[in-house]
Amino acid sequence: MTDEGSDAKPTSRTDTERASVNPYATSMGPSGSEPEPAASSDQTGTVLAFDGEITETDIRMLIPERGLWLLLAVLMWGCLIPVFGIGVVVTTINAVLEGFDSESVGLILTFAFIAIGFAVATQYVAPSRRTRRALKQRPDLVGRAVGRFVPSGLLFNDGERTHFLNGDYCKRAETTKHGIRVPLLEGPYVQLYLAKRLFERFDETVWKELQAIWQQPDAKPLDRDAVMERNCQQLGKRPESAISFDGQVTLHVPVDHAAVRKIMYRNGGMIFVYGVATLLAWHFGHWFIALGALILALNTVRYFYNSWRWMEIPTQDTTWHQHGWISPDEVASVTETNGVRLFRNECQRTEWIGETLVWHLPTNRAMYFSREHFESDEDWNQISESSSLESVPSIE
């Protein structure tokens with residue numbers, strides 16, 4: 001079992017592609033009404049609709065590897081921890097009766113150290129703890145969720161924004177007896193957690209039909225522009241006054257070395273603990289325990305190395321193609337796999353980075369626009385001028 005912080009990943013102060021199309025960062029109207037995309041043939045027939053509130057309890061019940069943790073907890077608390085705890089008690093009683101020596105003290109410390117280590121490790125990866133860490137990273141994992149799964153993907157509203165995820169996301173979705181989780185490709189625990197209680201009627205047959213459709217390659221693959229226009233239409237009708245944009249964004253994003261350093265220090269501490277356990281167990285002839293602790297230490301060394309390697313990388317280059325429109329009130333932006341529609345008043349401030357206009361959104365998200373994304377100077381000037389009142393000095 002792994003934890004989301006075990007392996008360092010390239011993190012940054014400002015997200016890149018997901019900044020503009022991230023499903024949780026970005027729905028339709030403050031009323032939280034069900035999204036209404038442009039009509040298409042796949043919106044009828046094979047559909048699974050949901051409506052309700054995602055809670056912390058939903059996430060805890062649906063979080064990945066919950067079943068594996070239950071087995072681990074039974075093994076640890078039902079067997080190993082009591083065995084080592086009894087070992088501490090028995091060894092201490094014998095030492096009191098026969099006198100303490102270096103061997104008895106070493107055994108007591110070894111048994112106690114291992115029992116406490118197993119208890120802490122088991123608690124650290126418990127679903128409740130992982131849920132709290134996930135919500136600390138992404139508090140918007142809970143809240144309003146109304147939408148539907150259809151053959152083209154998933155369309156839903158979080159009470160503020162409308163999101164579209166295509167079949168590439170949905171075919172990775174997993175079902176359990178508690179509901180569905182859809183990975184959002186931002187880490188193992190950043191997922192859309194949809195409990196079955198949110199569905200008026202969860203039909204297993206319909207779900208299997210949808211999964212079969214998402215797994216199938218398109219009979220007539222569309223080119224990129226056609227795919228993104230189709231995704232944009234999923235988000236609803238474009239206002240007549242909207243200005244279109246289309247183009248590539250390339251960012252040089254600074255790696256968040258503070259976050260990577262935190263992961264590296266934690267992994268270093270775990271290596272030290274496992275190393276001490278290995279030496280103590282080896283010294284007192286507990287070869288099986290020593291081998292297990294050594295394997296854990298060597299496995300953690302790999303994560304530590306990855307953390308250290310990211311400390312040497314100053315920036316991470318990220319490129320994506322975006323397409324959409326901007327009206328006086330709203331903006332819709334899509335890629336080939338997902339999209340979002342939101343109100344422009346969600347923009348907290350604007351910023352110029354060279355020739356690029358940046359709209360900063362809540363939850364450390366942003367959208368990026370430049371002149372080449374627009375058909376004419378008039379369109380570009382209208383967008384840039386309407387954003388100028390909130391702009392800050394440019395960064396060269």
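A.B. asks: What am I meant to see in the nonpolar core here?
C.D. replies: Taken as a class, soluble globular proteins show a tendency for nonpolar side chains to be buried jointly. Counting residues in each nonpolar core, the largest one holds 32 residues, and the members touching the most others are F50, F149, L194 and F199. Among the elements that take part in this core, helix α7 (residues 204-215) stands out by supplying four residues, more than any other. When residues no more than four places from it in sequence are discounted, the contact partners of F50 are A145, V146, G147, R148, F149, L154, F156, L194, L198 and F199.

A.B. asks: Even after reading the chapter, I still don't get the sheet that holds strand β6 (residues 179-183), so can you show me in this structure?
C.D. replies: Picture the strands of a sheet paired through backbone hydrogen bonds; they go either parallel or antiparallel. Pairing is antiparallel across the open sheet formed by three strands, whose spatial order is β5-β6-β7. Lying at the two open borders of the sheet, with one neighbouring strand each, are β5 (174-175) and β7 (191-195). Where β5 and β6 come together, two bridges link them in antiparallel fashion. Bridging across to β6, E174 finds its partner in R181.

A.B. asks: Whenever I open this one, helix α3 (residues 66-98) confuses me. Can you help?
C.D. replies: At 3.6 residues per turn, the α-helix brings residues three or four places apart onto the same side. A rise of 1.5 Å per residue sets the reference length of α3, with its 33 residues, at 48 Å; its end C-alpha atoms lie 46 Å apart and thus fit the reference within 8%. Taken residue by residue, α3 has W69, A73, M76, I81, F84, G87, V88, T91 and A95 as its buried positions. Tucked inside the fold, the buried residues of α3 contact α4 (102-124), α5 (127-137) and α10 (287-311).

A.B. asks: Would you take a moment to explain the side chain of D58 for this structure?
C.D. replies: Relative to the elements of secondary structure, D58 occurs in helix α2 (residues 56-62). A polar contact is formed between the side chain of D58 and the backbone nitrogen of T55, at a distance of 3.0 Å.

A.B. asks: Would you mind showing me how to read a nonpolar patch on the surface here?
C.D. replies: A cluster of nonpolar side chains, L291, L294, I295, L298 and V301, forms an exposed patch at the surface whose accessible area comes to about 450 Å². Note that L294 resides in helix α10. Relative accessible area serves as the criterion here: at 37%, L294 is assigned to the partly exposed category.

A.B. asks: Please explain the pattern of salt bridges as it appears in this structure.
C.D. replies: Any two side chains of opposite charge can pair, given that their charged atoms come close. The tally for this structure, following the rule as stated, stands at 12 salt bridges. Note that E204 is salt-bridged to K196, the shortest N-O span being 3.3 Å. Take E204: its relative accessible area is 37%, and that puts it in the partly exposed class. For K196, a relative accessible area of 25% translates into the label partly exposed. Notably, a salt bridge pairs R201 with D203, separated by 3.0 Å at the nearest N-O pair. On the accessibility criterion, R201 (62% relative accessible area) is exposed.

A.B. asks: Would you mind showing me how to read the sheet that holds strand β9 (residues 315-326) here?
C.D. replies: Pairing is antiparallel in the open sheet, where eight strands are placed in the order β1-β2-β3-β4-β11-β10-β9-β8. If you trace the sheet from one side to the other, it starts and ends with β1 (48-54) and β8 (243-254), each paired once. With strand direction ignored, the average angle separating the axes of adjacent strands in the sheet is 20°. The sheet strands contacting α7 are β1, β2 (143-150) and β3 (153-157), and the helix crosses β2 at an angle near 70°.

A.B. asks: Honestly, the packing of helix α9 (residues 257-283) against α10 in this entry has me stumped. Any pointers?
C.D. replies: Relative orientation and spacing of two packed helices are given, respectively, by the angle between their axes and the distance between those axes. Here α9 crosses α10 at 160°, and the two axes come no closer than 8 Å. Considered as vectors, α9 and α10 are oriented roughly antiparallel to each other. The element α9 and its partner α10 pack so that their crossing is left-handed. Of the residues contributing to the contact of α9 with α10, the split by class is 22 nonpolar, six polar and one charged.

A.B. asks: Looking at this structure, I do not really get unusual backbone geometry. What am I missing?
C.D. replies: Here the phi dihedral of E65 falls at roughly 65°; this positive angle occurs in a residue that is not glycine. Of note, E65 is situated in the loop between α2 and α3. For E65, a relative accessible area of 31% corresponds to the partly exposed category.

A.B. asks: For this particular structure, what's the right way to read the confidence of the model for the protein chain?
C.D. replies: Reading fine detail from the predicted coordinates is not recommended where pLDDT is low. Looking at the protein chain as a whole, its pLDDT mean stands at 81, while 86% of the residues score no less than 70. Mean pLDDT in the protein chain bottoms out at helix α1 (residues 17-21), which sits at 37, and peaks at strand β10 (residues 330-334), which reaches 95.

A.B. asks: So what exactly am I meant to see when it comes to the packing of aromatic side chains here?
C.D. replies: Inspection of every chain in the model, using the stated rule, returns 16 aromatic pairs. Note on F202 and W207: the rings are 6.3 Å apart at their centroids and 40° apart in plane angle, and the pair reads as tilted. Ring pairs connect the aromatic residues F50, F149, F199, F202, W207 and W214, which therefore count as one cluster. Cation over ring: R133 sits above Y124, and NZ or CZ is 4.0 Å from the ring centre. Above the face of the Y303 ring, R302 is positioned so that its terminal group lies 4.5 Å from the ring centre.

A.B. asks: Would you mind showing me how to read the environment of R130 here?
C.D. replies: Residue placement: R130 occurs in helix α5. In this structure R130 comes out as buried when scored by relative accessible area, which is 0%. Separated by 71 residues in sequence, R130 and I59 place their C-alpha atoms 9.5 Å apart. One polar contact links the side chain of R130 to the main-chain carbonyl oxygen of V125, over a distance of 2.8 Å. Polar side-chain contacts of R130 include one of 3.3 Å to the side chain of Y189.

About the thresholds
Chains are numbered independently. Their residues run from 1 in the order of the written sequence. Reporting in this predicted model follows two pLDDT cut-offs: at least 70 for local features of residues, and 80 or more for side-chain atom pairs to be given and counted; totals over whole chains, interfaces and linings ignore these cut-offs and use all residues. Note: side-chain values were computed over all heavy atoms of the structure, leaving out hydrogens and water. As used in this record, nonpolar core signifies buried Ala, Val, Leu, Ile, Met, Phe, Trp, Tyr and Cys residues forming a set joined through side-chain atoms within 4.5 Å. Burial here depends on accessible area, computed with a 1.4 Å probe over protein chains only, as a share of the maximum for the residue type. Under 20% is buried, over 50% is exposed, and the range in between is partly exposed. For the purposes of this entry, the term helix denotes a DSSP run of H or I that reaches at least four residues, the term strand denotes a run of E that reaches at least two, and both are numbered from the N terminus. Residues are treated as being in contact if the distance between any of their heavy atoms lies within 4.5 Å. Paired strands, as defined in this entry, are two strands with at least two bridges between them according to DSSP. Each helix should span, by expectation, one fewer than its residue count multiplied by 1.5 Å. Definition of a polar contact: a pair of N or O atoms within 3.5 Å, with one able to donate and the other able to accept a hydrogen when the atoms are protein atoms, and with sequence-neighbouring residues admitted only if both atoms are side-chain atoms. Residues enter a patch when their relative accessible area is above 30% and they make no salt bridge; the linking distance is 9 Å between like charges and 5 Å between nonpolar side chains (Val, Leu, Ile, Met, Phe, Trp, Tyr). Per-residue and other accessible areas follow the Shrake-Rupley method at a 1.4 Å probe size, with only the shown protein chains counted as cover for residues. We define a salt bridge as a contact between a side-chain nitrogen of Lys or Arg and a carboxyl oxygen of Asp or Glu at a distance within 4 Å. Convention adopted: a line fitted to C-alpha atoms gives each axis, helices being fitted over their contacting stretch, and angles between N-to-C directions are expressed from 0 to 180 degrees. Angles are sorted into four bins: roughly parallel if under 35 degrees, roughly antiparallel if over 145, roughly perpendicular if 65 to 115, and oblique for all others. Left-handed is the label given to a crossing in which the near helix is rotated counterclockwise from the far helix by less than a right angle, and right-handed is the label when the rotation is clockwise. Any residue that is not Ala, Val, Leu, Ile, Met, Phe, Trp, Tyr, Cys, Pro, Asp, Glu, Lys or Arg is counted as polar, Gly included; the first ten are nonpolar and the last four charged. The predictor's confidence in any single residue is recorded as pLDDT, a number from 0 to 100. Aromatic contacts are taken between Phe, Tyr and Trp rings whose centres are within 6.5 Å, Trp giving its six-membered ring; a plane angle under 30 degrees counts as stacked, one over 60 as edge-to-face, and the others as tilted. Only Lys NZ and Arg CZ are tested; either one counts as a charge over a ring when it is within 6 Å of the ring centre and within 35 degrees of the ring normal.

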